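Residue-level structure breakdown
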Amino acid sequence: MQKSLVAEFLGTFWLVFGGCGSAVLAAAYPELGIGFVGVAFAFGLTVLTMAYAVGGISGGHFNPAVSLGLTVAGRFPAARLLPYIGVQLVGAVAAAALLYLIASGKAGFELGGFAANGYGDHSPGGYSLLSALLIEVLLTMFFLIIILGSTSSRVPAGFAPLAIGLGLTLIHLISIPVTNTSVNPARSTGQALFVGGWALQQLWLFWIAPLAGGALGGLVWKVLDDAD
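Looking at an unreviewed UniProt entry, one finds the protein named Aquaporin Z and attributed to Rhizobium leguminosarum. UniProt, in its Subcellular location (unreviewed entry) section for the protein, records the words "Cell membrane". Taken directly from UniProt, the Subunit (unreviewed entry) text for the protein runs: "Homotetramer."

Shown next, in the form of structure tokens:
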């Protein structure tokens, strides 16, 4: 259990540091910025690389919504759910703290949005609360279906991280303009703690929507799995 928790810490740390770090440090870099596409691939690559690196130890959740969805689907013991969520939060906050220290080392640093998730005035594209709720639930649900399907015994072993990483990349390509893409309450919490204010006020959505989507994804897969 201890090794699993350390693996979840490392994986979640890498996801937040790599994904949010690309948004904070590289997305808008003058003339050479990686933009939305680069950030989307950065998030996907963090999950792909750590799923191969430590997924065999902890299962490679790196996300409270994933842990919940796997529990609902019967793939993960409920007794481990809260410890996993706790260590995922610690990893996300630690990554956000280190990212803040690095980013603030630049002359004229301004915190800005710090890759936090938001809706309404704090949505990159000005999307409403309802739009944010719907897209976060829907995309997290499909993320769980991708995870559960690609790790099932029906598909060749060893390729799941590719499907999961590319799935997360696609999710970000769709939804960065809407919410900055959460689908992960731990990722949202780490950034919101440093932004404060509006980010903390809107954080509730980025817990409720991904958790609901994760649970729905687990239920959908359970029905599909049982049907076979």
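**So, the layout of surface pockets**
Within this model, the largest pocket holds a volume of roughly 680 Å³. Taken together, 31 residues make up the lining of the largest pocket; nearest its centre are A23, V24, L25, A27 and A28. Contributing elements (two or more residues each) for the lining of the largest pocket: α1 (2–26), α2 (35–58), α4 (81–103) and α6 (160–179). Of the residues belonging to the lining of the largest pocket, the class tally is 21 nonpolar, 7 polar and 3 charged. Looking at the second largest pocket, its volume works out to about 260 Å³.

Calculation rules
All residue numbers here refer to positions counted from 1 along the written sequence of the relevant chain. Given that this is a predicted model, residues contribute local features only at a pLDDT of at least 70 and side-chain atom pairs are listed and counted only at 80 or more, while totals for whole chains, interfaces and linings are drawn from all residues. Think of the side-chain values as coming from all heavy atoms in the structure, minus any hydrogens and water. UniProt positions are given in the numbering used here, feature names are shortened, and annotations may be inferred rather than shown by experiment. As defined here, a cavity is a set of points on a 1 Å grid over the protein atoms alone where a 1.4 Å probe fits but cannot get out. A pocket is an open set with protein on both sides within 12 Å along at least five of seven lines, and residues line them when an atom is within 4 Å of a point. Grid points are joined across faces, edges and corners, and a volume is the space filled by probe spheres set on the points. Segments assigned H or I by DSSP are reported as helices when at least four residues long, segments assigned E as strands when at least two residues long, and all are numbered from the N terminus. All residues other than Ala, Val, Leu, Ile, Met, Phe, Trp, Tyr, Cys, Pro, Asp, Glu, Lys and Arg, Gly among them, are scored as polar; the first ten of these are nonpolar and the last four charged.

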